Number of protein chains: 4
Amino acid sequence: MCRFIVYTGHPVLLHDILVKPTNSLVCQSMHARETDQTLNGDGFGLGWYEHSIDNSPGLFRSTQPAWNNLNLVSLTGKIKSTSFFAHVRAASQGGVANDNCHPFMFKNILFMHNGTIYGFQKIKRQIRRILDDDIYDWVKGQTDSEHFFALFIQTLRENNLTTKNMDSFYNNLVLTINRLRALLKEHNAEALAYLNIAITDGERTLVCRYVTDPKAEASTLHYAVGDKFVYEHAAGHMYPVKDKPGAVLVSSEKLTDYNFEWHMVTQNYCILIEEDLTTTLKEMDNCIN
Amino acid sequence: MCRFIVYTGHPVLLHDILVKPTNSLVCQSMHARETDQTLNGDGFGLGWYEHSIDNSPGLFRSTQPAWNNLNLVSLTGKIKSTSFFAHVRAASQGGVANDNCHPFMFKNILFMHNGTIYGFQKIKRQIRRILDDDIYDWVKGQTDSEHFFALFIQTLRENNLTTKNMDSFYNNLVLTINRLRALLKEHNAEALAYLNIAITDGERTLVCRYVTDPKAEASTLHYAVGDKFVYEHAAGHMYPVKDKPGAVLVSSEKLTDYNFEWHMVTQNYCILIEEDLTTTLKEMDNCIN
Amino acid sequence: MCRFIVYTGHPVLLHDILVKPTNSLVCQSMHARETDQTLNGDGFGLGWYEHSIDNSPGLFRSTQPAWNNLNLVSLTGKIKSTSFFAHVRAASQGGVANDNCHPFMFKNILFMHNGTIYGFQKIKRQIRRILDDDIYDWVKGQTDSEHFFALFIQTLRENNLTTKNMDSFYNNLVLTINRLRALLKEHNAEALAYLNIAITDGERTLVCRYVTDPKAEASTLHYAVGDKFVYEHAAGHMYPVKDKPGAVLVSSEKLTDYNFEWHMVTQNYCILIEEDLTTTLKEMDNCIN
Amino acid sequence: MCRFIVYTGHPVLLHDILVKPTNSLVCQSMHARETDQTLNGDGFGLGWYEHSIDNSPGLFRSTQPAWNNLNLVSLTGKIKSTSFFAHVRAASQGGVANDNCHPFMFKNILFMHNGTIYGFQKIKRQIRRILDDDIYDWVKGQTDSEHFFALFIQTLRENNLTTKNMDSFYNNLVLTINRLRALLKEHNAEALAYLNIAITDGERTLVCRYVTDPKAEASTLHYAVGDKFVYEHAAGHMYPVKDKPGAVLVSSEKLTDYNFEWHMVTQNYCILIEEDLTTTLKEMDNCIN
């Protein structure tokens, strides 16, 4: 079902979040704790912003498992970032290929997904038909995830919405989910879709824990807000907020054994992280019609 | 521009054709002789039939260059086949990915291409729109080549044609090329397309040397018909035909320095190889309207 | 701890043993059943004999996990063999690299190992020092396994032993294990070594389930002897022997749920498979001094 | 014969040196200009220092050719460094494997090599025998290059020399070359060795253009010293020095078409780059005995 991590806040060494913690993403690639599908060995991806250079993220993706990739270990030990996404994959829709690894990047926007859109094969053509030529050509892989992201970008454009304003950004996510649901219904496709999704433009970030059927249980999603995330004394810690938050982590699994640091995102809620790290949890009721 | 080799005939060790000759396909991956684009290092592919097992070919493709792939060297030393395709790639349309490596396989049919369809980006969506759902979903990559092959399969189905009859098989190739040309014209796309193409169902094989503009020069294509192809005394040889042919090779480049063994396929001709190895050269005049 | 499969007998489609069974080696790469270390995702290897061509085996190894390697699936569907080895790896000693994947090949001999030689780092140099130049240069990787195999070859040569005679072949395995134990002792290295080992020259095969400390429990090892192994009605079966055996399987794990078909090799026993498939279990008492 | 680039100076975006110039290292991987062996497609490597984090370099190596590695393109667009090494490989000694890709890293020291030690196979064991256990175990691959580097580290240790002092650093290079030459002589190995070598500790850097036989012609090696290297108006330029140098490039090939910016290192000279970028050319006469 894949696992992912979102970080935004003070510059942090990627290694301290992705490799070192007790239940780091690298650990989750071998032995995820909070899902039956413990193995996420069908590739990984890392996207990070370096705003001192430009607004588009760096991207490092590979079909080699995260746990035995020496380049990943070395890179994360030399890169600090204020905003990054990382993902380990268990392939469901779409084969094992670099182009099917998350995160996906469209210009300055990163996207990743944990879950499955069960009726996807029935609406894949319909999604592609909607897309403008440039977005159509941008799609390189076969996953439901990348197609959902393409639909997100298309919807953004059609509605003159933007990621630069949180309301607009969030509304576009809701519109895209509704559009997906309408397509599934129209084509008599299975309506069940697990949509733990993360999107960022490097400044504002959305992460939702969503499932189309309220009776189904969404995949786990946790967040931790604090002053800073520090790896010390052989363990990672999120320090408590002082005046205002300095670091926000959103992760499929708790990275540390300090449960008090972590909060489960309520099912069908979205976490909205502003540029100043103000973090809001919002019930996604407009999607549930 | 890619390079390819087609073999059909007596069972032959793949190594003797793909690795050992002076100008083997492995050599052509580093230093092709008969093209300006000497480097074909963006992956390779091998498809071969083992009719004692079933009718669908085996497929071995990788983005690693052919010249340093130890698996390729070992495999070809243990496999004999009566019909195989092999290809080394210089990427033009579509990135470097396993799904973009030739040959492509649809059920029991193999396809490979050396050339470029220059207006492809303008008609990619139109080609996909024509495809039946199963053929649409079968397409995994981004190349002009795979899309042309999808159109070939679609055309075969729409016209109730078959590869099991050489006239029907050949007619379908002509219909597909004409359909491509019509699409390019309709969408005001650049009409120039280099189409050195090989297709086989493991029994009958077509290889054409075709370019849409008669003023352009098609990529090289040679053939050799003989009793058998043998590697001995440190060189490959096609032995002369005795009663009837026992081996046919069609190759982007001459594999040996024995020029007398090789014949250039005339531009805009197609070579038709029957199951009994009867080989006919046919002018593709119906395509040039 | 790695998992492996040995087959010798009637020609069999590799796919029917490595891919199709309920608990095939491909399944074991993701979710091994009979070990705590369920994940064997650090590469795989396949070595098979094609005696109609020559005596040296074909070799296909990759660091990509077995479960998502399309080439592996396709190849095994087209190759039949009377003798093959296959292995999925969980790296312990030596990094994740093609040169560290099993089986290892020296001329016509294949070798694979499931286990760990705990004191290996202390005696690695000493092993290498013993080797003749050609064997020294043949070693390419960093594993305890490959070094043990090099010592086996060196010992064979020094004692004028051969794999062509089963007594000689078996004695050499015992000599090599004793030599290893002596080296470990001499250099005050940890003496514990898990040595589930398979060696073949394509005609005669040895597979042992051995651990240096009789109080430790060796890794599992099963065998099945029968008329032929057939995949039918969605399950693999070893048919009972009629007159004389036609197929022998030795495997880290039972491939099927039909327990009656499988026998556990007793700890510190070696299974000796002659060219005519006569199979003997021999207690390795000479090693336990 | 491989190609490499050394940079030290003001922080520079790696992309501006490795990807963008007319004759960038990525270009040289396909079509090197200043050597007969134009293809360097057997892997690449990148090592860079990020002193704000620590003193050990980041390392990114792959056997995929540099010209089609999207990760390399993306990474270099997000990393600035004051000191980095990059290398594209044409394999001579040692197979195509990540462990055989340059640069090699020992603690905080990077090393790369363009050339061949022809008698290497005869002295490989002798070199290894000299090494301390930790250095012995550090060697992972099969190349003459990595073994030379191991000998360099061993020699540094035996003589209490250091890279932190330029005389000491340089003397150790000379001692290592002499030791190599003595070994070659002692073992009647071919004495010819092409040693274009670069070594850095992230602060001080040595690059030599050396060949053991003064009648042989060393591989090309150029340097450019300036205020800064800038990519602008679709071309890279080394700006002239103002008061004191701000950037030093040493490269197998000229990166730009502006010949006046580049100087050929004289054969059997070494370029010594101090931490303040003071650059000295020194004749390596002590090596030529």
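Use the structure listed above.
Each value, and the rule that gives it
Residues numbered from 1 in each chain as written. Chains lettered and ligands numbered in written order. Predicted model: local features only at pLDDT ≥ 70, side-chain atom pairs only at ≥ 80, totals over all residues. Heavy atoms only, no water. Contact = heavy atoms within 4.5 Å. Salt bridge = Lys/Arg side-chain N within 4 Å of Asp/Glu carboxyl O. Polar contact = N/O pair within 3.5 Å; in protein donor to acceptor, adjacent residues only side chain to side chain. Helix = DSSP H or I, 4+ residues; strand = E, 2+ residues; numbered from the N terminus. Nonpolar A, V, L, I, M, F, W, Y, C, P; charged D, E, K, R; others polar. Least-squares fit on C-alpha atoms with pLDDT ≥ 70 in both. Phe/Tyr/Trp six-rings, centres within 6.5 Å; stacked < 30°, edge-to-face > 60°. Buried < 20%, exposed > 50% of the residue type's maximum accessible area, 1.4 Å probe, protein only. Disulfide = S-S within 2.5 Å. Axes fitted to C-alpha atoms, helices over the stretch in contact; angles between N-to-C directions. Parallel < 35°, antiparallel > 145°, perpendicular 65-115°, else oblique. Left-handed = near helix turned anticlockwise from the far one by under 90°. Pairing = 2+ DSSP bridges.

In this section: the interface of chain A and chain D. How big an interface is tends to be stated in terms of the accessible area lost upon association of its parts. At the junction of the two partners, chain A supplies 18 residues and chain D supplies 18 residues. For the pair chain A and chain D, the number of links is 2 salt bridges. The partner of Asp54(A) in a salt bridge is Lys78(D), and the shortest N-O contact between them spans 2.5 Å. Here chain A is connected to chain D by 8 residue pairs in polar contact (both at pLDDT 80 or more). Contributions of two or more residues to the side of chain A that touches chain D are made by β3 (58–62) and α3 (70–76) of chain A. Broken down by element, the residue count for the side of chain A that touches chain D peaks at 4 residues, all from β3(A). Tallied by class, the residues present in the side of chain A that touches chain D amount to 8 nonpolar, 5 polar and 5 charged.

A few words now on the relation of the copies chain A and chain D. Expressed as a screw operation, the relation of chain A to chain D combines 0.0 Å of axial shift with a rotation of 180°, fitting to an RMSD of 0.0 Å. What we have between these two chains is a two-fold relation. Relative to the rotation axis, the closest C-alpha in chain A is found at Ile79(A), a distance of 4.1 Å. When the interface residues of chain A are mapped onto chain D, 100% of them are again interface residues, pointing to one common binding face.

As a further point, take the packing of aromatic side chains. Considering all chains together, one arrives at 42 aromatic pairs over all chains under this definition. Between Phe111(A) and Phe149(A), the ring centres sit 4.8 Å apart and the planes meet at 10°, which makes this aromatic pair stacked. Pair noted here: Phe111(A) is in strand β6 (residues 109–114) and Phe149(A) is in helix α6 (residues 144–158), with a separation of 38 residues, a long-range link. Taking the relative accessible area as the measure of exposure, Phe111(A) reaches 0% and is therefore buried. The class for Phe149(A) is buried, based on a relative accessible area of 0%. With centroids separated by 5.5 Å and ring planes inclined at 65°, the aromatic side chains of Phe44(D) and Phe60(D) adopt a geometry described as edge-to-face. Of the two residues, Phe44(D) is situated in strand β2 (residues 44–48) and Phe60(D) in strand β3 (residues 58–62); the sequence distance between them amounts to 16 residues. An identical accessibility class is assigned to Phe44(D) and Phe60(D); each is buried.

One pass over the full model with this rule turns up 48 salt bridges over all chains. We note a salt bridge from Arg33(B) to Asp257(B), for which the minimum N-O separation is 3.0 Å. Taken as a pair, Arg33(B) in the loop between α2 (25–31) and β2 (44–48) and Asp257(B) in the loop between β12 (247–251) and β13 (263–264) lie far apart in primary sequence, 224 residues in all. Note on Arg33(B): relative accessible area 46%, which makes it partly exposed. Linked through salt bridges whose partners overlap, the residues forming this network are Asp201(A), Glu203(A), Arg204(A) and Glu275(A).

Linking two cysteines covalently via their sulfur atoms produces the bond known as a disulfide. All names here are of chain A. Scanning the model with the defined rule gives 0 disulfides over all chains in all. Unpaired in terms of disulfides, Cys 208 finds its nearest cysteine sulfur in Cys 270, a separation of 5.2 Å. By relative accessible area, Cys 208 is classed as buried at 0%.

Next up on the list: the relation of the copies chain D and chain C. When chain D is fitted to chain C, the best match, at an RMSD of 0.0 Å, comes from turning it 180° and sliding it 0.0 Å along the axis. Comparing interface residues between copies, 100% of those in chain D also lie at the interface in chain C; the contact surface is shared.

Residue and element names in this part refer to chain A. Where α6 contacts helix α7 (residues 166–186), the axes come no closer than 9 Å and their chain directions differ by 120°. When the interaxial angle is binned, α6 and α7 end up oblique. You can see that α6 and α7 cross each other, and the crossing is right-handed. For the pair formed by α6 and α7, the contact residues are Phe 148, Leu 151, Phe 152, Gln 154, Thr 155, Leu 156 and Glu 158 on the first element and Phe 169, Asn 172, Leu 173, Leu 175, Thr 176, Ile 177, Arg 179, Leu 180 and Leu 183 on the second. Split into classes, the residues belonging to the contact of α6 with α7 amount to 10 nonpolar, 4 polar and 2 charged.

All names here are of chain B. Spatially, 6 strands are ordered β5-β6-β7-β8-β14-β15 in an open sheet, and the strand pairing comes out antiparallel. With one partner strand each, in any of the chains shown, β5 (104–106) and β15 (279–283) form the two edges of the open sheet. Ignoring strand direction, the axes of neighbouring strands in this sheet form an average angle of 15°. Alignment of strand β8 (residues 205–211) against strand β14 (residues 269–273), held across 5 bridges, turns out to be antiparallel. Looking at the pairing, Arg 209 lines up with Tyr 269 of β14. The strands touched by helix α7 (residues 166–186) within the sheet are β7 (194–200), β8, β14 and β15, with β8 carrying the most contacts at an inclination of about 30°.

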